[in-house]
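Structure assessment
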Amino acid sequence: MLIWRAGRPTPSSRTVAEEKGVALTYDGTTYAVMMATPAHLHDFAVGFSITEGVVERAEEISSVELVESELGVEVRMWLVADRSRSFVARRRAIVGPAGCGLCGIESLEQARLVPRRVASRSKFRAADLLGAMSALAPLQCLNQKTRAMHAAAFWDVSEGIGLVREDVGRHNALDKLAGALIGCNRVRSNGAVLLTSRVSVEMVQKTAMIGVPVLVAVSAPTTLAIETAEQAGITLIAVARDDGYEIFTHPDRIVFSERRSLSSSAADFGIG
């Protein structure tokens with residue numbers, strides 16, 4: 001490749017983000033084809049299945065197989081008998097470009113379904129959440145190399161940032177995080193999802209499906225995202241900058257104190 005700077009072309013090279021077609025199939029039937037980064041695909045399979053309502057629990061997926069080809073990766077999932085019968089009843093095939101859009105939605109009514117409500121009485125110090133967002137960038141290993149990746153991370157008071165997942169698609173990154181959280185059986189009611197992207201309605205819906213009470217993002221939310229967060233009982237924080245952020249819903253969970261808790265010290269922001 002060439003770099004053109006200061007009016008002069010110079011030979012150079014760079015690491016670029018990997019993007020492939022990833023087909024998600026259940027019991028031999030294609031459900032979705034996403035453009036995604038082919039990493040942590042087992043997490044992606046489980047997280048997508050949960051957040052899209054294909055299954056209610058990871059145990060309802062009896063097996064996951066990754067089959068690679070020149071065209072991409074097929075993620076083959078097989079469901080337990082009861083869930084398989086439910087899936088057949090609602091089976092449909094969809095294509096989602098770059099992980100955007102609402103998967104499998106066929107009507108406006110489906111797009112406005114009442115989200116699952118998150119019941120959590122946890123409180124969060126405002127300064128701790130700000131520190132968490134500041135600590136996220138150095139943990140984005142793929143983005144450090146490519147400058148082209150979204151990240152979704154899970155932070156809680158006791159452990160700091162415990163999980164980070166990256167992808168070219170913001171929805172995919174969140175699904176991968178969901179799968180990782182479910183896979184390691186993490187308690188989610190006392191933590192926050194951290195996003196490097198904007199907040200649209202499906203990001204709130206996915207957060208509600210995995211039961212996390214706080215969602216923090218660097219960019220602004222949409223009107224429907226705010227309405228959905230209000231209904232879901234999620235504290236929606238966005239436009240996070242070095243000096244603060246904006247709280248759009250359920251601010252009662254946030255403790256505005258000058259004193260930082262021990263959980264926000266630098267030592268606690270390591271990746272698990």
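Anyway, here's the lowdown on the structure attached to this text. (Residues numbered from 1 in each chain as written. Predicted model: local features only at pLDDT ≥ 70, side-chain atom pairs only at ≥ 80, totals over all residues. Heavy atoms only, no water.)

1. Remarks on the pairing of strand β4 (residues 29-36)
Put simply, the rule reads: For two strands to be treated as a pair, DSSP must find no fewer than two bridges joining them. To qualify as a helix, a DSSP run of H or I must reach at least 4 residues; to qualify as a strand, a run of E must reach at least 2; elements of each kind are numbered from the N terminus.
Across seven bridges, strand β3 (residues 20-26) lies against β4 in antiparallel orientation. If you follow glycine 21 over to β4, its bridge partner there is methionine 35. Linkage of β3 to β4, two consecutive antiparallel strands, is achieved through a turn of two residues, within which aspartate 27 is found at a positive phi near 50°.

2. Details of the sheet that holds strand β11 (residues 191-195)
To keep things clear, this is the line we draw: Note on definitions: angles span 0 to 180 degrees between N-to-C directions of axes, and those axes are lines fitted to C-alpha atoms, for helices only across the stretch in contact.
Ordered by their spatial adjacency, six strands build an open sheet running β10-β9-β11-β12-β13-β14, and the pairing between neighbours is mixed. Only two strands of the sheet have a single partner each, and these edge strands are β10 (160-167) and β14 (244-247). Taken over all neighbouring pairs, the strand axes of this sheet differ in orientation by 20° on average, direction set aside. As paired strands, strand β9 (residues 150-156) and β10 are joined by seven bridges and run antiparallel to one another. When the bridges of β10 are listed, alanine 153 appears paired with valine 164.

3. Details of the layout of surface pockets
Heads up, the rule is: The pocket and cavity definitions rest on a 1 Å grid over protein atoms only: a 1.4 Å probe that fits but cannot leave marks a cavity, an open set with protein on both sides within 12 Å along at least five of seven lines marks a pocket, and residues lining either have an atom within 4 Å of a point. Grid points are joined across faces, edges and corners, and a volume is the space filled by probe spheres set on the points. Charged residues are taken to be Asp, Glu, Lys and Arg, nonpolar residues to be Ala, Val, Leu, Ile, Met, Phe, Trp, Tyr, Cys and Pro, and polar residues to be all remaining types, Gly included.
In this structure, the second largest pocket encloses a volume near 210 Å³. Contributing to the lining of the second largest pocket are 13 residues, with Ile50, Glu56, Arg57, Ile182 and Arg188 lying nearest its centre. Partitioned by chemical class, the residues of the lining of the second largest pocket number six nonpolar, two polar and five charged.

4. Quick notes on the packing of aromatic side chains
For any pair of aromatic rings, geometry is given as the distance between the ring centres together with the angle between the planes. The criterion, for reference: Two rings from Phe, Tyr or Trp (for Trp, the six-membered ring) form a pair when their centres sit within 6.5 Å of each other. Planes less than 30 degrees apart are called stacked, planes more than 60 degrees apart edge-to-face, and all others tilted. Per-residue accessibility, obtained with a 1.4 Å probe over protein chains only, is compared with the maximum for each type, and a residue is labelled buried under 20%, exposed over 50%, and partly exposed between these values.
Throughout the structure, instances matching the rule amount to six aromatic pairs. Where tyrosine 26 meets phenylalanine 87, the ring centres are 5.3 Å apart and the plane angle is 50°; that geometry is what we call tilted. Taken together, the positions of tyrosine 26 in strand β3 and phenylalanine 87 in helix α2 (residues 81-89) put the pair 61 residues apart, joining distant regions of the chain. A relative accessible area of 0% means that tyrosine 26 is categorised as buried.

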